[in-house]
Amino acid sequence: MNNITLKNGLSVSPVCLGAMMFGSTTSKEDSYAILDAFLDLGGNFIDTSNNYAHWIGTGDESETLLGQWMHDRGCRDKVIIGTKVGFDRKGIGAGLKKEQIEYWCDESLRKLQTDYIDLYYAHTDDADTPMEETIEAFESLVKKGKVRHLGGSNYDTWRFTEFNFTARDKGCTPYTVMQQRFSYLDCRLDLKPNYIFNENVGRERLRYLEDKDIPLVAYSCLLRGAYEDASRIPSNYIGGARYDTLVNMAKEKGVSGSALAVAWMCNAHRMKGFPRVIPLFSSSKLNHFIDNCSGADIVLTDEEMTILTNA
Ligand SMILES: NC(=O)c1ccc[n+]([C@@H]2O[C@H](COP(=O)([O-])OP(=O)(O)OC[C@H]3O[C@@H](n4cnc5c(N)ncnc54)[C@H](OP(=O)(O)O)[C@@H]3O)[C@@H](O)[C@H]2O)c1
């Protein structure tokens, strides 16, 4: 797969590897095999957080495993690490206050065995902390060289915009990447999301990101294997004709549904109304992961993109 250069200058693979369960439900051996394969395939963009996966263990597992892997492979300079701050660990510590950002950044650097984070995300908004405080705390990390770029995840679009306007007014670093739940299938926007931060991306948000040339890192984009098995389509997603269109085209092209969903997302920016989308997916199985990555190299004609997009 070939790297893409984002407006902020980062050169990243067109797909991002989600390491959320690495070191907890995905063993060290399996995690290393998937990480090694990702590098072999030309991937470099890896996603983790300061709290993965606290609901299984302590929340240190994913970053610790990645730090050990980068050390063992001597590959820190070959990868782009995105990590996050702002969600709780076992119900404690959520927020984007100055001391929280400073503390958790140092913790992430320690666990990742590195002295810089390529992309540091606010994992979710913190309406109880003045935005200026969060902006200044992030800016201080950028000035110290601990953090290179900033992103926002699970934000309302208007709050993300407000962050960026305020940051620019203050001469500080804006969010240049947005990470949200997004997939090929549409979410039922008439239903409440399971969690407030789980809201899927709607058309207006897509147009905003397209206009600002801000990439959308699309998490949970393979919907737990739904593109291989319709019975796994989450109840708050719409399957129907759109699902059948994807699955039938995948059969015709001799590729898996997951790979074609990845391909559609990688090519979505060719269609009006879509920003650059970077599918962010994970797997505990090497064969699944390699197949999903193959989607980045599937060539889709304009006609195929139109059929898939308009289905
Ligand atoms: N910003 C946020 O708030 C946020 C929230 C959630 C996740 N994330 C990030 O997004 C990453 C991915 O999220 P996710 O795990 O929720 O979503 P995902 O990657 O879309 O789904 C992973 C699940 O899909 C299954 N799967 C993947 N490929 C498959 C295939 N080819 N065939 C059958 N099953 C397949 C996996 O099963 P197998 O293991 O059996 O392959 C696993 O159960 C995380 O690692 C994390 O980095 C961010």
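Residues numbered from 1 in each chain as written. Predicted model: local features only at pLDDT ≥ 70, side-chain atom pairs only at ≥ 80, totals over all residues.

Focus: the overall build of the chain
- When you go through the chain residue by residue, the secondary structure sums to ten helices and ten strands.
- In terms of its C-alpha atoms, the chain occupies a principal-axis envelope of roughly 55 × 40 × 35 Å.
- Residues classed as buried in the chain amount to 46% of the 311 residues present.
- Of the contacts made within the chain by residues no fewer than 6 positions apart, 76% connect residues no fewer than 24 positions apart. (Helix = DSSP H or I, 4+ residues; strand = E, 2+ residues; numbered from the N terminus. Buried ≥ 20, exposed ≤ 12 C-beta atoms within 10 Å, placed from the backbone. Contact = placed C-beta atoms within 7 Å.)

Description of unusual backbone geometry
- Cis geometry is adopted by the peptide bond preceding alanine 53, which originates at tyrosine 52 and carries an omega value of -15 degrees.
- Counting through the fold element by element, alanine 53 comes out in the loop between strand E4 (45–47) and helix H2 (61–73).
- Backbone geometry at lysine 90 places phi at a positive 50 degrees, although glycine is not the residue there.
- Locating lysine 90 in the fold gives a position in the loop between strand E5 (80–85) and helix H3 (98–112).
- If you check the backbone angles, aspartate 213 has positive phi at about 55 degrees while not being a glycine.
- With respect to the helices and strands, aspartate 213 occurs in the loop between helix H6 (203–212) and strand E9 (216–219).
- For aspartate 213, a count of 13 C-beta atoms within 10 Å translates into the label partly exposed.

Details of the packing of helix H4 (residues 131–143) against helix H5 (residues 157–169)
- Remark: H4 packs on H5, axes separated minimally by 10 Å, with the N-to-C direction vectors making an angle of 65 degrees. Between H4 and H5 lies a crossing of right-handed hand. Counted together, Met131, Glu132 and Ile135 of H4 and Glu162, Phe163, Thr166 and Ala167 of H5 form the full contact between these two elements.
- Taken together, the residues that form the contact of H4 with H5 break down as four nonpolar, one polar and two charged. (Axes fitted to C-alpha atoms, helices over the stretch in contact; angles between N-to-C directions. Left-handed = near helix turned anticlockwise from the far one by under 90°. Nonpolar A, V, L, I, M, F, W, Y, C, P; charged D, E, K, R; others polar.)

Overview of the site of the ligand
- In the region of the ligand, 25 residues are neighbours, and Gly18, Met20, Leu222, Gly225 and Ser283 sit closest.
- Where the shell around the ligand is concerned, the elements lending two or more residues are strand E10 (277–281) and helix H9 (286–294).
- For the shell around the ligand, the element with the most residues is H9, which contributes three residues.
- Residue composition of the shell around the ligand, by class: eight nonpolar, twelve polar and five charged. (Near = placed C-beta within 6 Å.)

Examining the sheet that holds strand E8 (residues 175–181)
- The sheet built from eight strands closes into a barrel, its strands ordered E3-E4-E5-E6-E7-E8-E9-E10 with parallel pairing. For this sheet, the mean inter-axis angle between neighbouring strands, taken without regard to orientation, is 30 degrees.
- Where E4 lies against E5, three bridges are found, and the strand directions are parallel. Following the sheet pairing, phenylalanine 45 is matched in E5 by isoleucine 80. (Pairing = 2+ DSSP bridges.)

Details of helix H7 (residues 240–253)
- With 14 residues, H7 should reach 20 Å at 1.5 Å per residue; the first-to-last C-alpha distance of 20 Å fits that figure.
- Every buried residue of H7 is listed here: Tyr243, Leu246 and Ala250. Down the axis of H7, the sector holding all buried residues measures 65 degrees, keeping them to one side. Opposite the packed face of H7, turned more than 90 degrees from it, sit the exposed residues Gly240, Ala241, Asp244, Lys251 and Glu252.
- Structurally, H7 contributes buried residues whose contacts are with helix H8 (257–267) and helix H10 (302–310). (Expected span 1.5 Å × (residues − 1). Arc of directions from axis to C-beta.)

Here we look at the nonpolar core
- Counting residues in hydrophobic clusters, the biggest one holds 85 residues, and the most contacted among them are Ile46, Leu66, Ala218, Ala261 and Met265.
- Ranked by the residues each element gives to this core, the list is headed by H8, at eight residues. (Core = buried A, V, L, I, M, F, W, Y, C linked by C-beta atoms within 7 Å.)

Examining the pairing of E10
- Most of E10 sits inside the fold, with five of its five residues counted as buried.
- In the sheet, strand E3 (residues 16–18) pairs with E10 via two bridges, with the strands oriented parallel. The residue of E10 that forms the bridge with leucine 17 is phenylalanine 281.
- Sheet analysis places E9 next to E10, joined by three bridges and oriented parallel. Paired with valine 217 across the bridge in E10 is isoleucine 278.

Some remarks on the environment of serine 220
- When you line up the elements, serine 220 lands in the loop between E9 and H7.
- The partly exposed category is assigned to serine 220, around which 18 C-beta atoms lie within 10 Å.
- C-alpha of serine 220 to C-alpha of glycine 18: the two residues are 202 residues apart in sequence and 9.0 Å apart in space.

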